[in-house]
Amino acid sequence: MQFYFPNRLGKPIRIPPPLLLAILYLALIMIGAAILFLPVSVTKSITFSDALFTATSAVTVTGLAVVDTGSSFTLFGQIIILILIQLGGLGLMTFAALVLSVLGLPIGLRHHNILREDLNQTSIHLLVGLIKTILSVVLVCELIGGILLLTVFVPDFGWAKGIWFSVFHSVSAFNNAGFALMPDSLSRWATNPIINFTIPALLLIGGIGFSVISDLSIHRGWRHLSLHSKIMLTGTAILIVWSVTLFAALEWSNPETLGAFDNPWDKLQISWFQGLTTRTAGFNTVNIAAIHDSTALMFILMMVIGAGSTSTGGGIKVTTFIVLVLATIAFFKRHNQLRAFGRSIKLEEIMKVLALTMMSIFVIMSSIFLITISHDGDFLDLVFEVTSAFGTVGLSRGTTGELDTLGQIVIGVTMFIGRVGPLTLGFFLARRISPRISYPASQIYLG
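As the structure is a computational prediction, the values presented were derived from the model and not from experiment. (Residues numbered from 1 in each chain as written. Predicted model: local features only at pLDDT ≥ 70, side-chain atom pairs only at ≥ 80, totals over all residues. Heavy atoms only, no water.)

Caption draft 1: A look at the overall build of the chain. Check the secondary structure of the chain and you find 18 helices and four strands. Sorting the 447 residues of the chain into buried and exposed places 52% on the buried side. By element, 67% of the accessible surface of the chain is carried by carbon and sulfur atoms, the whole surface being about 21600 Å². (Helix = DSSP H or I, 4+ residues; strand = E, 2+ residues; numbered from the N terminus. Buried < 20%, exposed > 50% of the residue type's maximum accessible area, 1.4 Å probe, protein only. Areas by Shrake-Rupley, 256 points an atom, 1.4 Å probe, with all protein chains shown as cover.)

See the structure below:
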C-alpha cells in the first residue's frame, strides 16, 4: 500500500510506508539534534555533528556515543535523550497509536498500515490488541525496573540523583538502548546482584518482542503458542546459554576482565550480564576493549543476530537466524519443505529471510569498507563498531570517539538502517512489478 501527498502541481506523490517511516524517524533525529545542540542542553559546547550523532544513537536505541552522556549534557539534555530513546524504542507510529488510544480517538486505515510496517506485522486486525499489550508491558516493566534500581542508586547518589538514575537506566534498559550516565557504563556495580538481575531482565523482555509477549498473555501453555513465539523463545534461550557460557570460558582467566575477580560467583554474574546484553544493548560491566579477539568475534556474531521482531532491539533478528539454520539443515537432509514445531514455513518467508540477510551483509560490508577509508585503525575494532551500530547494540571498544566526521556519518547511517530495517533499503532500490511473462526453469551449478 502507498500513500499519496499532493505536490505543487496538484499531482499526488506516492510514498510507500517504509519510506514514510524512514522520513519520520529522520525528522525525529533532526529535531532531537537541534534541541541537544542548544546551550540549555549541554554543560559544555559541542559540535552539531556530536549532537546529531547522539540524537541518532538515541532514536535508533543504539547507545554509541562520541561525548559522555552524564557529564556533557544537562538534566534537560538527558531528559531529551530519554524521550528520544522511548520514542525510538517503541516506534513512532506505536507511540502515536498509544496517544490516540489514551485520548479515545480512532486510528485510521492509513495509520493502521504505517503501524503495521512499523511493528513488522502482516495483518492489521490484531494491531489494537498488540498496542494495548505494548502499553501495559512498557509501563509495568519500566516502573518495576525503576523501583528495583532505586535500591542501588539512591544509597550511592542520594534521593534526587538516585531517582533520576533509576528512571533513566530503567527506560534505557527496557528499550535496549544501552545509554548510561557513567563513563564506564555499569562497571561500578559489576558484582551487584540487583543490577545483574534487573538490567538483563528489562533487556530480555524488551528484546523478545511485543508480539511474543502478547501471545504469552493470551495463550497459556506451549502447545497453543504461535510458531513465531516458539522459534523466538527457543532461539533466545539457546543464544543466551551459548553467549554466557562462551564468554565465561573465554574470559575466565583474562586479568583485565573476569580474571580480575577472585570469587567464581562474581565471575558468573558478570558472564550472565555481559553474555545476555551482547545481542541487544550496550551496557557493560567489564572493559570491552580488553576482551580477547575470540570473544570479540563471538560478540560480533551475537550483535548481528540481535533481538526479536517487534522488539526494541535490532539486528537481523533471532527468528531470521533460526530460519537460516533450519534451511541449511533441510538442504542437507534433502527436505523440500522447511518445518519447525509441526508447522511449515512458507517459501515467501524464506525468501524474505534471504533478502534480509543479503541486505544486512551488504550494509555491514559497505560500512566497514567506508570506515576503513576514513579511519586507519585496528580492523577488528572497526568491524566491532560497525556491527554494534548495525545491531543497534552500542557496545564499543573505544573507536567511536576517535572517528572523524566521515566515520561518524558512516556509523550514524548504519545505526539508522539498523533501526528502520535493512529491507527498507531494499524497498528504496526496487519496485514491485508483476511479471507478465513466465520463463522455463533451468539449472545452475552452485557450491
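Caption draft 2: View of helix 12 (residues 264-277). Taking 1.5 Å as the rise per residue, helix 12 with 14 residues should run 20 Å; its terminal C-alpha atoms sit 20 Å apart, in good agreement. Within helix 12, burial applies to Asp266, Lys267, Gln269, Ile270, Ser271, Phe273, Gln274, Gly275, Leu276 and Thr277. The opening residue of helix 12 is Asn263, an N-cap whose side-chain oxygen sits 2.9 Å from the backbone nitrogen of Trp265. (Expected span 1.5 Å × (residues − 1). Polar contact = N/O pair within 3.5 Å; in protein donor to acceptor, adjacent residues only side chain to side chain.)

Caption draft 3: Just the side chain of Lys230, in detail. You can see Lys230 is positioned in helix 11 (residues 227-251). It is Asp215 that comes nearest to the buried, bridge-free Lys230 among opposite-charge side chains, at 8.5 Å. From its side chain, Lys230 meets the backbone oxygen of Arg223 in a polar contact 3.5 Å long. Discounting chain neighbours no more than four positions away, the residues touching Lys230 are Trp222, Arg223, Leu225 and Phe341. (Lys, Arg positive; Asp, Glu negative; His and termini not counted. Salt bridge = Lys/Arg side-chain N within 4 Å of Asp/Glu carboxyl O. Contact = heavy atoms within 4.5 Å.)

Caption draft 4: Structural detail: the nonpolar core. In terms of nonpolar packing, the biggest core is built from 106 residues, with Ile195, Ile199, Phe283 and Ile411 touching the most fellow members. Here this core gets eight residues from one element, more than from any other, and that element is helix 13 (residues 293-305). In this structure Ile195 touches Leu149, Val152, Phe153, Leu186, Trp189, Pro200 and Phe273, once residues within four positions along its chain are discounted. (Core = buried A, V, L, I, M, F, W, Y, C linked by side-chain atoms within 4.5 Å.)

Caption draft 5: Local environment of the packing of helix 11 against helix 12. Contact geometry for helix 11 and helix 12: axes closest at 8 Å, N-to-C directions at 130°. It follows from the interaxial angle that helix 11 and helix 12 lie oblique. Where helix 11 crosses over helix 12, the handedness of that crossing is right-handed. Mapping the contact onto sequence places Ile240, Ser243, Val244, Phe247 and Ala248 in helix 11 and Ile270, Ser271, Trp272, Gln274, Gly275 and Leu276 in helix 12. Among the residues making up the contact of helix 11 with helix 12, the classes are represented as seven nonpolar, four polar and no charged. (Axes fitted to C-alpha atoms, helices over the stretch in contact; angles between N-to-C directions. Parallel < 35°, antiparallel > 145°, perpendicular 65-115°, else oblique. Left-handed = near helix turned anticlockwise from the far one by under 90°. Nonpolar A, V, L, I, M, F, W, Y, C, P; charged D, E, K, R; others polar.)

Caption draft 6: Representation of unusual backbone geometry. A positive phi is found at Arg334, a non-glycine position, where the angle reads about 60°. Checked against the element boundaries, Arg334 lands in the loop between helix 14 (318-332) and strand 3 (338-340). With a relative accessible area of 61%, Arg334 lands in the exposed category.

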